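# Close look at the chain arrangement
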Amino acid sequence: MGNHNGDQPRAASCGILVTGHGRFAGGLVGAIEVIMGPQDGLRAVDFPETDTAAQLRDNLTRGLAALEDHDSVVVFCDLRGGSPFNVMNELRGTRNGVEILYGVNLPLLLAFISERDRGESVGALIRSAVEDGHSGLGRFEVPAQAATPSDGDDDWA
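Residues numbered from 1 in each chain as written. Predicted model: local features only at pLDDT ≥ 70, side-chain atom pairs only at ≥ 80, totals over all residues. Heavy atoms only, no water.

The name given to the chain in an unreviewed UniProt entry is PTS system N-acetylgalactosamine-specific IIA component, and the organism recorded there is Streptomyces demainii. Entered under Subcellular location (unreviewed entry) in the UniProt record, the comment concerning the chain runs "Cytoplasm". (UniProt positions renumbered as here; feature names shortened; annotations may be inferred.)

Okay, structure coming up:
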């Protein structure tokens, strides 16, 4: 398959591996499937508190192997420096075309999946998805005109 920009494979040939502490990865992938339906090339590897680092390594190795028919794999980790990130960073050398992102959130992953068939390079898609992940973070504030006047009584009962 030819490269879109000459230096990286197109995102359509990209597998996605989500990993994190507890049931984070499975929950995130489950949310994606509720919103978008089942996705080809999408795998979750959880790290429950009962697993050892060796079990995590075995599970991540199997997760990568399940995506071997893809030109590249983007790994979405919950946080930098945690066991899933650290083990994945060690495993990245066992296969070409592995990119690791950390701090994954639902808007970032939704953007990556929904845009991966557009023919962009993996690098361009990662940059775009990270921007969407940032813009998906915020604090909701009730507009002033929608707020009800307070009579000084903060008791909601």
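### Quick notes on the packing of aromatic side chains
Scanning the entire structure with this criterion turns up 2 aromatic pairs. Between F76 and F112, the ring centres sit 5.3 Å apart and the planes meet at 75°, which makes this aromatic pair edge-to-face. With F76 in strand 3 (residues 72–77) and F112 in helix 4 (residues 106–115), this residue pair connects regions lying 36 residues apart in the sequence. Across this residue pair, the class does not change: F76 and F112 are buried. Ring geometry for F85 and Y102: centres 5.9 Å apart, planes at 90°, overall edge-to-face. On the criterion of sequence distance, the pair formed by F85 in helix 3 (residues 83–91) and Y102 in strand 4 (residues 98–102) is long-range, its members being 17 residues apart. (Phe/Tyr/Trp six-rings, centres within 6.5 Å; stacked < 30°, edge-to-face > 60°. Helix = DSSP H or I, 4+ residues; strand = E, 2+ residues; numbered from the N terminus. Buried < 20%, exposed > 50% of the residue type's maximum accessible area, 1.4 Å probe, protein only.)

### Section: the sheet that holds strand 4
On the basis of which strands lie adjacent, the open sheet formed by 4 strands has the order 2-1-3-4 and parallel pairing. Each edge of the open sheet is held by one strand with a lone partner, namely strand 2 (42–47) and strand 4. Neighbour-to-neighbour, the strand axes of this sheet turn through a mean angle of 20°, independent of strand direction. As paired elements, strand 1 (residues 14–21) and strand 2 share 6 bridges and run parallel to each other. Paired with H21 across the two strands is F47, which belongs to strand 2. (Pairing = 2+ DSSP bridges. Axes fitted to C-alpha atoms, helices over the stretch in contact; angles between N-to-C directions.)

### Some remarks on the packing of helix 4 against helix 5 (residues 122–135)
Contact pair helix 4 / helix 5: the axes reach a minimum separation of 7 Å and the direction vectors enclose 145°. When you trace helix 4 past helix 5, the crossing you get is right-handed. Facing helix 4, whose interface residues are P107, L108, A111, F112 and E115, helix 5 presents L125, I126, S128, A129, V130, D132 and G133. (Left-handed = near helix turned anticlockwise from the far one by under 90°. Contact = heavy atoms within 4.5 Å.)

### Some thoughts on helix 4
Three or four residues apart is the spacing at which side chains of an α-helix point the same way, because the helix has 3.6 residues per turn. Listing the buried residues of helix 4 in full gives L108, L109, A111, F112, I113 and E115. Looking at the packing, one finds that the buried side of helix 4 touches strand 1, helix 1 (24–36), strand 2, strand 3, strand 4 and helix 5. A side-chain oxygen of the first residue of helix 4 lies 2.9 Å from the backbone nitrogen of L108; this N-cap is N105. (Polar contact = N/O pair within 3.5 Å; in protein donor to acceptor, adjacent residues only side chain to side chain.)

### A word on the pairing of strand 3
The side chains of a regular strand alternate between both faces of the sheet. With 6 of its 6 residues buried, strand 3 lies for the most part within the structure. Both faces of strand 3 are covered, namely the face carrying S72, V74 and F76 and the face carrying V73, V75 and C77. Pairing analysis gives 6 bridges linking strand 1 to strand 3, with the strands arranged parallel. The residue bridging I16 from the neighbouring strand is V74, located in strand 3. The pairing of strand 3 with strand 4 spans 5 bridges and is classified as parallel. Bridge pairing links V73 to V98 in strand 4. Considered for its hand, the β-α-β crossover made up of strand 3, helix 3 and strand 4 is right-handed. (Right-handed = clockwise from strand over helix to strand, strands pointing away.)

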